[in-house]
Amino acid sequence: MSTRQHVEILPPHPLRAGYDRSLERGSITDAFQRRLEPTNFNPGYLGALTERVEHALSRDPADEAMRWRLAFLLLQNNATAAAVERAGELLTGATLPQARRLAELVAGIRSRIDQPRAGRRVRRVNWSINNRCPMSCQGCYNPFAAEQIDLAQARRIVGKLAVHGTTDLVLAGGDPLLWPPVFDVVDHAVASGLKVGLDTTGYTLTADKLSRLRGLSSLRLPLDAVTADVQRAFRRSPDGNLLNALLESLALCDAEGFDRVRVHTVASAANLHQLPELAAEVLSHPSVAQWVIFQWWGRRASPATVRRLGVEVEAVRAVVEGIRRDHPGREIHLAESTERELLNWMIQSSGQVVTFGSGPEEEFILGNLLTDEVEEILTHPILDFEAMARGIPVTPGTVFEPSAAARG
Ligand code: SF4
């Protein structure tokens, strides 16, 4: 019998949990802190805000916080090489921690700016194809877009990726299974020669849906804890029975003989001690081919939550190494947060393309696949092809070939 309850499907979440409420609503500083909200993170909003910041800076050119804001906006909104240079100038001699962090990013971008872009390929693409989710995970990484493309637009984007030579496509959300056209998108992408992974909460997974997903190279399902309270607290689900619901999805895959499940676990201070026990659970499922443990990264979390859930990478490494020793021969990956910087493309549910995996609030708009060609977006100065060559392919048991990665 199904343990799943009817759960509320949440609208696109605001990007961060910890807005400074003392800022005057509508002021530049408030508009800046809200720039990554789903309705705001687009060229129109960022462009208008840039003009306001430029104007404020013209009245007080020494205002370091305002210089940092302007540099950030220049980088985030389809930056050109000239915009990168200007951002670097604005950040010269930065003393504020956030400005120094951005100056480091700019130094990295400048060091890559003369690297040849022609002939580069983006092999793996993450696509947040649906902007709804039944969960609200602590520090959710997803910069949701308010707009939702339709099937015809999605097929056009798949076509562009396939022609370009992308090999690995991850369909994520929100939860893509809450968007009915996703099954046709999967079929179209697989028929176009792409290896497709699908990243779902599993909440609405049924045997019928699983049978329509046979072409997937991997189906990614979450599981973070062995106790209901820890599991529910992390995913902030309205469902008190969440842990059983997640286990039910795995059991369904077992029963249906689907053997390409990749379990996603987020390791934080709340569940680190449970991971060895969780390993026994995860790896007991015949459907599980791969387990990926992500070091929690409070991308959208408040400072208080970061203090509560943040975990040092050394601590996660030690636990994962112990698990690997206890389960030899199993495919277990650790995704450390620093390795995810500028890692990959993410297509949003609007077709907008952003970097995926920088620091908090550090998404950079690269273009939009409804209007731009893949090759145009690849000329973007912010892209780091070496970082994009890292990561885990969508097919369990495979690795990206480093020499091919260097070629792009
Ligand atoms: S399941 Fe994914 S998209 Fe949904 S809240 Fe969690 S991290 Fe965000």
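Residues numbered from 1 in each chain as written. Predicted model: local features only at pLDDT ≥ 70, side-chain atom pairs only at ≥ 80, totals over all residues. Heavy atoms only, no water.

Novice: Give a description of the overall build of the chain that names residues and reports values.
Specialist: Of the regular secondary structure elements, the chain holds 16 helices and ten strands. A globule of 408 residues ought to have a C-alpha radius of gyration of about 22 Å, and the chain, at 21 Å, matches this closely. Viewed in the frame of its principal axes, the chain has a C-alpha envelope of about 65 × 45 × 40 Å. Each of the 408 residues in the chain was classed as buried or not, and the buried ones make up 58%. (Helix = DSSP H or I, 4+ residues; strand = E, 2+ residues; numbered from the N terminus. Rg over C-alpha atoms; globule rule 2.2 N^0.38 Å. Buried < 20%, exposed > 50% of the residue type's maximum accessible area, 1.4 Å probe, protein only.)

Novice: Explain the environment of Ala71 to me, and be specific about the residues and the numbers.
Specialist: Along the polypeptide, Ala71 turns up in helix α3 (residues 64-76). Using a relative accessible area of 0% as the deciding quantity, one classes Ala71 as buried. What Ala71 contacts, discounting residues up to four positions off in sequence, is Ala87, Leu90, Leu91 and Leu102. (Contact = heavy atoms within 4.5 Å.)

Novice: With reference to specific residues and values, describe the pattern of salt bridges.
Specialist: Scanning the model with the defined rule gives twelve salt bridges in all. A salt bridge links Arg235 to Asp224; the shortest N-O distance between them is 2.7 Å. Highlighted residues: Arg235 in helix α9 (residues 228-235) and Asp224 in the loop between β4 (218-222) and α9, separated in sequence by eleven residues. Look at the salt bridges and you will find they share partners, linking Arg25, Asp30, Arg34 and Glu37 into a network. (Salt bridge = Lys/Arg side-chain N within 4 Å of Asp/Glu carboxyl O.)

Novice: Could you give an account of the packing of aromatic side chains, naming the residues involved and the relevant values?
Specialist: Under the definition given, this model contains three aromatic pairs. With centroids separated by 5.1 Å and ring planes inclined at 65°, the aromatic side chains of Phe32 and Trp68 adopt a geometry described as edge-to-face. In this pair, Phe32 is assigned in helix α1 (residues 28-33) and Trp68 in helix α3, connecting sequence segments 36 residues apart. For the pair shown, Phe32 and Trp68 are each scored as buried. Each member of the aromatic cluster is reached from another via a ring pair, and the members are Phe32, Trp68 and Phe72. Directly above the aromatic system of Phe32 lies the positively charged group of Arg35, at a separation of 3.8 Å from the ring centroid. Over the face of the ring belonging to Phe72 we find Arg35, whose NZ or CZ atom lies 4.6 Å from the ring centre. (Phe/Tyr/Trp six-rings, centres within 6.5 Å; stacked < 30°, edge-to-face > 60°. Lys NZ or Arg CZ within 6 Å of the ring centre and 35° of its normal.)

Novice: Any chance you could break down the packing of helix α4 (residues 81-90) against helix α5 (residues 97-112) for me, citing the residues and the numbers?
Specialist: One can describe the packing of α4 onto α5 by two numbers: an axis separation of 10 Å at closest approach and a directional angle of 140°. On the basis of the axis angle, α4 is oblique to α5. Regarding α4 and α5, the two cross each other, and that crossing is left-handed. When α4 is examined against α5, the residues Val84, Glu85, Ala87, Gly88 and Glu89 are found in contact with a partner set consisting of Val106, Ile109 and Arg110. (Axes fitted to C-alpha atoms, helices over the stretch in contact; angles between N-to-C directions. Parallel < 35°, antiparallel > 145°, perpendicular 65-115°, else oblique. Left-handed = near helix turned anticlockwise from the far one by under 90°.)

Novice: Describe the sheet that holds strand β2 (residues 168-172), and please don't skip the residues or the numbers.
Specialist: Where strands meet in a sheet, backbone hydrogen bonds hold them as pairs that are either parallel or antiparallel. The strand order across the open sheet formed by ten strands is β7-β6-β5-β4-β3-β2-β1-β8-β9-β10, and the pairing between neighbours is mixed. With partners counted over all chains shown, the strands left at the sheet margins are β7 (332-335) and β10 (365-368), one partner each. The mean inter-strand angle of the sheet, taken between neighbouring strand axes irrespective of direction, is 25°. Docked against the sheet, helix α6 (residues 151-164) engages β1 (124-128), β2 and β8 (344-347), running at close to 170° with respect to β1. Together, β4, β5 (261-267) and β6 (288-295) form the strand contacts of helix α10 (residues 242-255), whose direction differs from that of β4 by roughly 155°. (Pairing = 2+ DSSP bridges.)

Novice: Explain the confidence of the model for the chain to me, and be specific about the residues and the numbers.
Specialist: For the chain, the mean per-residue pLDDT works out to 90, and 92% of the residues sit at or above 70. Counted against residues more than four places away or in other chains, residues 403-408, with its pLDDT under 50, gives eleven contacts. Here the complex is predicted with pTM 0.91, and the ipTM for its interfaces comes to 0.99. (pLDDT = per-residue confidence, 0-100.)

Novice: Provide a residue-level description of the state of the cysteines, including the pertinent values.
Specialist: Scanning the entire structure with this criterion turns up zero disulfides. For Cys253, which is in no disulfide, the shortest distance to another cysteine sulfur is to Cys133 and amounts to 18 Å. (Disulfide = S-S within 2.5 Å.)

Novice: Describe in detail the nonpolar core, supporting the description with residues and values.
Specialist: Counting residues in each nonpolar core, the largest one holds 77 residues, and the members touching the most others are Trp127, Leu171, Leu219, Trp291 and Trp345. In terms of residue count, the dominant contributor to this core is α10 (seven residues). Those residues in contact with Trp291 that lie beyond four places of it in its chain are Val263, Thr265, Leu275, Leu278, Ala279, Val282, Leu283, Ile323, Glu331, Ile332 and His333. (Core = buried A, V, L, I, M, F, W, Y, C linked by side-chain atoms within 4.5 Å.)

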